[in-house]
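Observations on the model geometry
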Amino acid sequence: MKLLIGSFNPYHKTIDDRPMHGTIPYRADINSTTYERNAEELALIHEKIDKVSPLIDEAQGLKNQKARELEKDLLRVYFADGADTIRFTKLSTRSIMLVQRHFGGVEQRGDNSYLFNGAAANFVRGWYEEVARNLNYKGADANKDGLIDDAERLELKSFFTPQWFAMCYDNPKLTLGGIRAYEKFGSLREELREKFKDFFTSDTLALALDKILGMDDDFDGKVLYTDFDKYQFHDFIKADLSAILDNDPFGTAKSPEELQELLDKFKRKIQEEFRQRVEDKFKNDEESDEKAKIYTKLLTQGFESLSPDEKELAQKFFSKLCKDAQDVEQKMADMAQLFRELFENAAFSLGDKFLDLRA
C-alpha cells in the first residue's frame with residue numbers, strides 16, 4: 001500500500017473517497033462466445049434438464065438446513081455451455097426479471113425454474129464464475145454443504161481495501177485511492193469481521209451471486225466501488241483505522257468526532273514539524289524570512305496563490321519548484337518524505353501493511 005501526501009478539497013467530514021470512484025473490486029468475463037440456441041436446440045436442452053432435475057433436487061435436499069432456509073425465496077435458473085453441459089444456480093425474482101428486461105432470452109419452465117439463453121446465459125455464467133472461482137465461494141465451502149460458515153468465510157476473496165491513504169498537512173481529512181481487491185476476508189482484523197461480514201461476504205454462493213448481479217446495473221460485467229454503499233465502507237475505514245491511530249490494535253472503534261479530534265492532533269504535529277523544517281532550511285540565509293514565507297505558501301497553497309511580487313521572487317528563488325510540470329510532483333515528494341520521517345516503524349493501514357502514527 002502506498003502512502004501519499006497532498007492537497008485536496010474534501011467534501012466529507014472525515015473521508016474523501018473520490019480517487020476510488022473509478023476502481024473495480026469485482027469484474028466478470030461476460031463476453032465469451034455466445035450460444036444463441038434456436039427453438040429446436042432449446043427443446044433438447046429442456047429435455048436434458050428434465051432428466052437431471054430429480055438428481056439436482058436430491059442433492060439440494062442434502063444441503064445445510066440453514067442454507068436452504070436462506071435461499072428459500074430464490075428460484076432455480078439453468079444455463080448451458082457450448083457442449084450443452086447443464087449448469088444451474090439460484091436467483092431472486094428481481095434478478096431474473098432484470099436480466100430478462102436487458103437481454104431477453106429467459107424462459108420460464110413448468111416447474112417454476114428458468115432457462116437462460118444467449119447473452120443472458122453469458123452474463124449469469126460470467127458472474128457465476130467470478131463468484132465461485134475468483135471470490136472463492138466454491139473453494140471456501142470445505143464441507144460442500146452449501147453454507148459458508150464463519151471458519152470458511154475467512155477463505156473468501158471478496159474483501160477489498162484502498163491501495164493508498166493520504167492525510168493532508170493542511171486539512172485533517174483522509175483521502176482514499178486505488179484498490180486492493182480479491183483479498184482474503186481473513187486478512188481483516190478479527191474484531192471487525194462480525195460487524196462487516198455482511199458488507200464483504202454472503203452466506204451462500206447463490207446469495208453472493210444474486211447480490212452482485214443487482215449491483216451490476218449497467219450489465220457490463222463490472223461492479224465499481226461506487227456501486228457499494230459508501231457510508232458503510234466509510235464506517236469500515238473509520239473502525240479499522242481508529243484503533244490503529246490511537247495505538248490500540250485491540251481497541252473499539254471511535255466515533256467520527258473522536259477520529260476527527262485524533263486527526264486534528266496529527267495535523268498540528270505535521271504543521272509544527274513543517275514550520276520547523278522551513279526555519280531550519282533558511283536559518284543561515286540573509287533573506288530567510290521572505291524566502292521561508294514564499295516557500296511555505298508555495299508548498300501549501302500552490303503557485304497561483306502568490307501575489308505578482310511573490311511570484312517573481314518565487315521564480316527567482318525556487319524556479320524548479322515553480323515549473324508547471326514539476327510543481328505537484330515536487331510538492332508530493334517533499335510532503336511524503338516529511339510524513340515518512342515523522343512516522344516510522346508502526347501502524348497506519350488496512351490489512352497487513354502499516355505506517356506509524358505513534359512518533
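Before reading on, note that the structure itself is shown above.
As the structure is a prediction and not an experimental result, all values here were calculated from the model. (Residues numbered from 1 in each chain as written. Predicted model: local features only at pLDDT ≥ 70, side-chain atom pairs only at ≥ 80, totals over all residues. Heavy atoms only, no water.)

1. Things to note about empty space enclosed by the protein
If you walk through the whole model with that rule in mind, you get two cavities of 30 Å³ or more. Of the pockets and cavities examined, the largest cavity occupies roughly 90 Å³. Lining the largest cavity are 13 residues; nearest its centre among them are Y26, Y137, F200, K211 and I212. Secondary-structure elements contributing two or more residues to the lining of the largest cavity are α7 (190–200) and α8 (205–215). The residue inventory of the lining of the largest cavity, partitioned by class, reads nine nonpolar, three polar and one charged. (1 Å grid on protein atoms, 1.4 Å probe; cavity = no way out; pocket = protein on both sides within 12 Å on 5 of 7 lines; lining within 4 Å. Points joined across faces, edges and corners; volume = space filled by probe spheres on them. Helix = DSSP H or I, 4+ residues; strand = E, 2+ residues; numbered from the N terminus. Nonpolar A, V, L, I, M, F, W, Y, C, P; charged D, E, K, R; others polar.)

2. Some words on the layout of surface pockets
Estimates place the volume of the largest pocket at around 570 Å³. Q60, K63, Y128, K138 and L205 are the residues nearest the centre of the largest pocket, which is lined by 21 residues in total. Per-class residue counts for the lining of the largest pocket are eight nonpolar, four polar and nine charged.

3. Overview of the environment of S113
By the element assignment, S113 lies in the loop between β6 (106–108) and β7 (114–116). With 36 residues separating them in the primary sequence, S113 and V77 have C-alpha atoms 5.7 Å apart. Beyond its immediate stretch of four places on either side in the chain, S113 contacts R76, Y78, E107 and Q108. A polar contact is formed between the side chain of S113 and the side chain of D111, at a distance of 2.5 Å. (Contact = heavy atoms within 4.5 Å. Polar contact = N/O pair within 3.5 Å; in protein donor to acceptor, adjacent residues only side chain to side chain.)

That is the geometry; function is a separate question.
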